[in-house]
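Spelled out from the first residue to the last, the chains are:
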Amino acid sequence: MTLLKKAIELGIIGSCFMGAVLTQGASAEERTLTIPAGNQNIVATLETPEKANPPIVVMLHGFTGYRDELSVSGTDEGVFSRIARQLAEAGFASLRIDFRGSGESDGKWEDTTFSGQISDAVTAIDWVKSQEEFAGSKVGVIGWSQGGLVASHAAAERPDLDAVVLMAPATIPLSTYGQIFGAPLMEKALAADPEELITGTLPWGVDTTLKARFYQEMPLTSPLAAAANYDGPLLVIMGLKDALITPQPAVGEAWLKYHQGEEKLVTLETGHAWGAFDGPAMIDEQVMPAILGWFEERL
């Protein structure tokens with residue numbers, strides 16, 4: 001077992017190091033496009049079904065990830081590109097983005113912050129709503145891991161979203177990233193100048209460099225508080241074997257305590273990667289039915 005595989009099976013995020021090959025379903029059209037974000041561009045993949053004015057889902061990737069997400073063993077798809085294809089087959093359009101500094105989007109990885117990614121997510125949602133082909137369409141969001149943290153804040157800023165799905169969302173940032181980077185690095189980063197470059201070693205042996213302000217936003221960022229400002233339909237999917245978003249199911253239940261509105265918690269016997277290293281079974285047989293069931297009734 002490689003260090004990377006072991007890390008993700010234990011619940012550690014870092015999917016951009018396992019690239020996915022993009023595929024296109026027979027019943028869907030897929031386009032790569034750019035969305036202006038200030039003086040930079042966000043690169044995204046828009047996948048649309050063969051129907052007019054479909055509902056659309058904005059998809060937000062995890063820490064160190066990119067828009068197709070972690071490769072699914074035995075397939076030529078990533079977790080997000082596979083989900084997008086199955087959404088299209090069910091009649092939903094989707095827009096999966098690379099946050100600035102990640103994937104093909106403009107910007108530097110070292111400038112990544114929660115607030116920057118939240119801004120990117122809101123920009124993507126507003127872009128969707130401005131497009132004639134989605135005029136009158138209902139809009140949902142899916143966020144995985146750090147993308148779930150981002151999705152909760154985007155929903156607080158755009159509370160008219162019609163439905164939100166959080167897949168193993170980062171819920172208590174200081175706890176999650178403390179496990180990834182360790183207490184000494186966290187203490188150093190929290191005390192540093194915001195522009196200081198901090199290099200940490202991820203659990204699978206890869207170094208990553210971020211400015212100290214990435215860490216300094218952690219005590220100021222509360223996904224649960226954000227959820228309290230969104231009263232639309234919220235589905236939270238948690239893996240009971242997730243070693244990073246812990247303890248379960250208590251962390252999943254916390255989302256329902258703070259969110260006021262239609263809500264549901266689904267817990268599955270899996271880890272943070274949804275069984276992707278073993279193949280698509282968990283995604284196809286348990287994750288996607290939960291997501292499709294949620295969206296089909298609300299979008």
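Since we're looking at a predicted model, the values are computed, not measured.

**Some points on the overall build of the protein**
Step number 1: Check the secondary structure of the protein and you find 10 helices and 10 strands.
Step number 2: A compact globule built from 299 residues would reach a C-alpha radius of gyration of about 19 Å, and the protein, at 18 Å, matches this within 12%.
Step number 3: Here the C-alpha coordinates of the protein stretch approximately 55 × 40 × 40 Å along the principal axes.
Step number 4: When burial is assessed residue by residue, the protein has 58% of its 299 residues classed as buried.
Step number 5: Restricting to contacts in the protein with at least 6 residues of sequence separation, those with at least 24 account for 72%.
Step number 6: Between the mean site of the 20 positive side-chain charges and the mean site of the 39 negative ones, the protein shows a separation of 1 Å.

**Focus on the sheet that holds strand 1 (residues 28–37)**
Step number 1: Spatial strand order, 1-2-4-3-5-6-9-10: 8 strands in an open sheet with mixed pairing. This sheet does not close on itself; its edge strands, each paired only once, are strand 1 and strand 10 (263–268). Averaged over neighbouring strand pairs, the angle between their axes works out to 20° when direction is ignored.
Step number 2: Here 5 bridges tie strand 3 (residues 56–60) to strand 5 (residues 139–144), and the two strands are oriented parallel to one another. Looking across to strand 5, one finds that M59 is bridged to I142.

**Overview of helix 4 (residues 146–157)**
An α-helical turn contains 3.6 residues, so a residue and the one three or four places further along point in the same direction.
Step number 1: For helix 4, spanning 12 residues, the distance from its first C-alpha to its last is 17 Å, which sits close to the expected 16 Å at 1.5 Å a residue.
Step number 2: Among the 12 residues of helix 4, 10 are classified as buried, and the element is accordingly described as predominantly covered.

**Considerations on the side chain of D120**
Step number 1: Its place among the elements puts D120 in helix 3 (residues 114–130).
Step number 2: On the accessibility criterion, D120 (1% relative accessible area) is buried.
Step number 3: Setting aside residues no more than four positions away along its own chain, D120 makes contact with A37, I42, I97, F99 and R100.

**A look at the confidence of the model for the protein**
Step number 1: With 91% of its residues at a pLDDT of at least 70, the protein reaches an overall mean of 92.
Step number 2: Low pLDDT, under 50, characterises residues 1–26; the stretch is placed with 78 contacts to residues that sit more than four places away or in other chains.

**A closer look at the pairing of strand 9 (residues 234–239)**
Step number 1: Burial analysis of strand 9 places 6 of its 6 residues in the buried class, which makes it a mostly covered element.
Step number 2: Looking at chain direction, strand 6 (residues 163–167) and strand 9 are connected through 4 bridges and run parallel. The partner of M167 across the bridge, within strand 9, is I237.
Step number 3: Across 6 bridges, the pairing between strand 9 and strand 10 is parallel.

**Examining the pairing of strand 2 (residues 40–49)**
Step number 1: With respect to burial, strand 2 is a largely interior element, 8 of its 10 residues being buried.
Step number 2: Sheet topology note: the strand 1/strand 2 ladder contains 10 bridges and is antiparallel. Considered in strand 2, the bridge of R31 is made with L46.
Step number 3: In textbook terms, the turn of a hairpin is the stretch between consecutive antiparallel strands, and for strand 1 and strand 2 this stretch comprises 2 residues, one of which, G38, has a positive phi near 65°.
Step number 4: With 4 bridges joining them, strand 2 and strand 4 (residues 93–97) adopt antiparallel strand pairing. Note on strand 4: the bridge partner recorded for E47 is S94.

**Quick look at the pattern of salt bridges**
Step number 1: In total, this model carries 20 salt bridges according to the counting rule given.
Step number 2: For R82, the salt bridge goes to E77, with nearest N and O atoms at 2.7 Å. Residues R82 and E77 agree in their burial class; the two are buried.
Step number 3: For R85, the salt bridge is made with E77, and the minimal N-O distance between the two is 2.6 Å.

Definitions and cut-offs
Residues numbered from 1 in each chain as written. Predicted model: local features only at pLDDT ≥ 70, side-chain atom pairs only at ≥ 80, totals over all residues. Heavy atoms only, no water. Helix = DSSP H or I, 4+ residues; strand = E, 2+ residues; numbered from the N terminus. Rg over C-alpha atoms; globule rule 2.2 N^0.38 Å. Buried < 20%, exposed > 50% of the residue type's maximum accessible area, 1.4 Å probe, protein only. Contact = heavy atoms within 4.5 Å. Lys, Arg positive; Asp, Glu negative; His and termini not counted. Charge placed at Lys NZ, Arg CZ, Asp CG, Glu CD. Pairing = 2+ DSSP bridges. Axes fitted to C-alpha atoms, helices over the stretch in contact; angles between N-to-C directions. Expected span 1.5 Å × (residues − 1). pLDDT = per-residue confidence, 0-100. Salt bridge = Lys/Arg side-chain N within 4 Å of Asp/Glu carboxyl O.

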